[in-house]
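# What the coordinates show
Chain by chain, the residues run as shown.
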Amino acid sequence: PKIDRKILKELSKRNDLEGWKHIIIFFTSLILLGLLSIHYWGSIWFLIPYFAYCTLWGGADAIWHECGHRTAFKTRKLNDFFYFIASFMNNFEPVRWRWSHSLHHSYTASIDPHDFEVDESIFSRPNLFTFLIRFIPGYYFLILYKSLHLEIVKHALGIETRVMKECIPKEKKSNCVLSSRIFLFLWLSIIIFSIIIKSFLPIFLFLIPKFFISLNILWGLTQHMGLKEDTKDHRESTRSVRLNPIFSFIYWKMEYHIEHHMFPMVPSYNLPKLNEVIKDQLPNPQSLYEAYKEIIPAIIKKSKNPDYFIKVKIPNN
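Residues numbered from 1 in each chain as written. Predicted model: local features only at pLDDT ≥ 70, side-chain atom pairs only at ≥ 80, totals over all residues. Heavy atoms only, no water.

## Details of the confidence of the model for the chain
When pLDDT is averaged along the chain, the result is 91; 92% of the residues meet or exceed 70. The lowest-confidence element of the chain is helix H6 (residues 94-106), averaging 76 in pLDDT; the highest-confidence one is helix H2 (residues 16-39), averaging 98. (pLDDT = per-residue confidence, 0-100. Helix = DSSP H or I, 4+ residues; strand = E, 2+ residues; numbered from the N terminus.)

Given below as structure tokens:
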């Protein structure tokens, strides 16, 4: 899009204060919901704060994402520190995902092997049943055999997976193995601690919240689902939606997703300002209802015709 370079430079500035503000509110809220979950452990009322806890825990994906782009904070070490923390919460081994996500931006919606976020992710080709089943809490227990957990275990054992071969630079592969082993050690420590205290509570609080993030999936799948593949125009392959303030906080403004793919070095907290500058060059943003009103029919059509995609109305400039 056309944008004044001075404005873009200003919008691309990082701010430690903005990063800390989000992190402090996020982890304070997460701790409070965790304490409520502990209080109601063993009661049917446990499900209410725990579901909220898991939904907020899913917001670690946004922290991982922003810190991975090193746009959350101005200070590089803060980005890298919280990137590792959020990677663990997100079950994303940090070395693998730093490189694969970089390729995702270079090859957005490409059907060639370069976009490693295609497989079983936002560009997968489900039928309506396999699409809707993803929203059932606990669904990911059913696909552990092909999960990121298994990939991390393989890397921890020194097994070179396809993504490691094709994506991670040779000099970074040992770092991937090391961080995978740290993750595996932390997982086993949590399980052993649970056995020692004879309670599943630590497992529920620190190991499996990501298995119950149905609401996060609701907005996460809107990013590219059903849109055109093999195009360099992000307006055709990416979707922006609008969320309420709570969901927007958890998602850390990533609902401005076209804007993010166009300018990935603009911090998420500046994406609304960026939108104001270039909105006349973008498709109209959608509500979640509007997005799924076109996504679900597209899933049905695409399962019968793999070449089908949603045609986006792009402004003529």
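## As for the side chain of Thr231
Mapped onto the secondary structure, Thr231 falls in the loop between helix H12 (214-220) and helix H13 (234-237). Classification of Thr231 by relative accessible area gives buried; the value is 11%. (Buried < 20%, exposed > 50% of the residue type's maximum accessible area, 1.4 Å probe, protein only.)

## A word on the packing of H2 against helix H5 (residues 76-90)
The geometry of H2 relative to H5 is characterised by a closest axis approach of 12 Å and an angle of 30° between their N-to-C directions. Judged by the inter-axis angle, H2 sits roughly parallel to H5. For the pair H2 and H5, the crossing hand works out as left-handed. Along the contact surface, H2 presents Asp16, Trp20, Ile23, Phe26, Phe27 and Leu30, while H5 presents Leu78, Phe82, Ile85 and Met89. Taken together, the residues of the contact of H2 with H5 break down into nine nonpolar, no polar and one charged. (Axes fitted to C-alpha atoms, helices over the stretch in contact; angles between N-to-C directions. Parallel < 35°, antiparallel > 145°, perpendicular 65-115°, else oblique. Left-handed = near helix turned anticlockwise from the far one by under 90°. Contact = heavy atoms within 4.5 Å. Nonpolar A, V, L, I, M, F, W, Y, C, P; charged D, E, K, R; others polar.)

## Structural notes on the nonpolar core
Core analysis: the largest hydrophobic core is formed by 67 residues, its most contacted members being Tyr53, Ile63, Phe131 and Leu274. No other element matches the six residues that H5 contributes to this core. Residues in contact with Leu274, not counting those within four places in the same chain, are Ile3, Leu11, Glu259, Phe263 and Val266. Counting residues in each nonpolar core, the second largest holds five residues, with Met164, Ile168, Cys176 and Val177 among its members. (Core = buried A, V, L, I, M, F, W, Y, C linked by side-chain atoms within 4.5 Å.)

## Side note on the pattern of salt bridges
In total, this model carries 11 salt bridges according to the counting rule given. One salt bridge in this structure joins Glu276 and Lys279, with 3.2 Å as the shortest N-O distance. A single salt-bridge network, built from bridges that share partners, covers Arg70, Arg76, Asp80 and Arg98. (Salt bridge = Lys/Arg side-chain N within 4 Å of Asp/Glu carboxyl O.)

## Details of the packing of helix H4 (residues 60-68) against H5
Where H4 meets H5, the closest approach of the two axes is 8 Å, and the angle between their N-to-C directions is 145°. Crossing hand, H4 versus H5: left-handed. On H5, the residues touching Ala60, Asp61, Ile63, Trp64, Cys67 and Gly68 of H4 are Asn79, Phe82, Tyr83, Ala86, Ser87, Met89 and Asn90. Partitioning the contact of H4 with H5 into residue classes produces eight nonpolar, four polar and one charged.

## Focus on H4
Along H4, seven of the nine residues are buried, which leaves the element largely enclosed by surrounding structure. Regarding H4, the residues found buried are Ala60, Ala62, Ile63, Trp64, His65, Glu66 and Cys67. Backbone geometry just after H4 places Arg70 at a positive phi near 60°.

## Structural notes on the environment of Trp20
You can see Trp20 is positioned in helix H2. Exposure remark for Trp20: the relative accessible area of 35% places this residue in the partly exposed category. Remark: the alpha-carbon pair of Trp20 and Leu78, spanning 58 residues in sequence, is separated by 9.4 Å.

## Things to note about a nonpolar patch on the surface
There is a patch of nonpolar side chains on the surface, built from Leu188, Ile191, Ile192, Phe193, Ile195, Ile196 and Ile197 and spanning about 680 Å² of accessible area. Mapping Ile195 onto the fold places it in helix H10 (residues 173-197). (Patch = residues over 30% accessible without salt bridge, like charges linked within 9 Å, V, L, I, M, F, W, Y side chains within 5 Å. Areas by Shrake-Rupley, 256 points an atom, 1.4 Å probe, with all protein chains shown as cover.)

## Some details on the environment of Ile143
Looking at where Ile143 falls in the secondary structure, it is placed in the loop between helix H7 (128-132) and helix H8 (148-156). Its relative accessible area of 15% is what places Ile143 among the buried residues.

## A closer look at the side chain of Glu255
In this fold, Glu255 is placed in the loop between helix H14 (245-251) and helix H15 (257-262). Buried charge Glu255 goes without a salt bridge, the closest partner of opposite sign being Lys253 at 5.2 Å. Apart from the residues lying within four places of it in its own chain, the contact partners of Glu255 are Arg239, Ser240, Val241, Arg242, Leu243 and Ser248. (Lys, Arg positive; Asp, Glu negative; His and termini not counted.)

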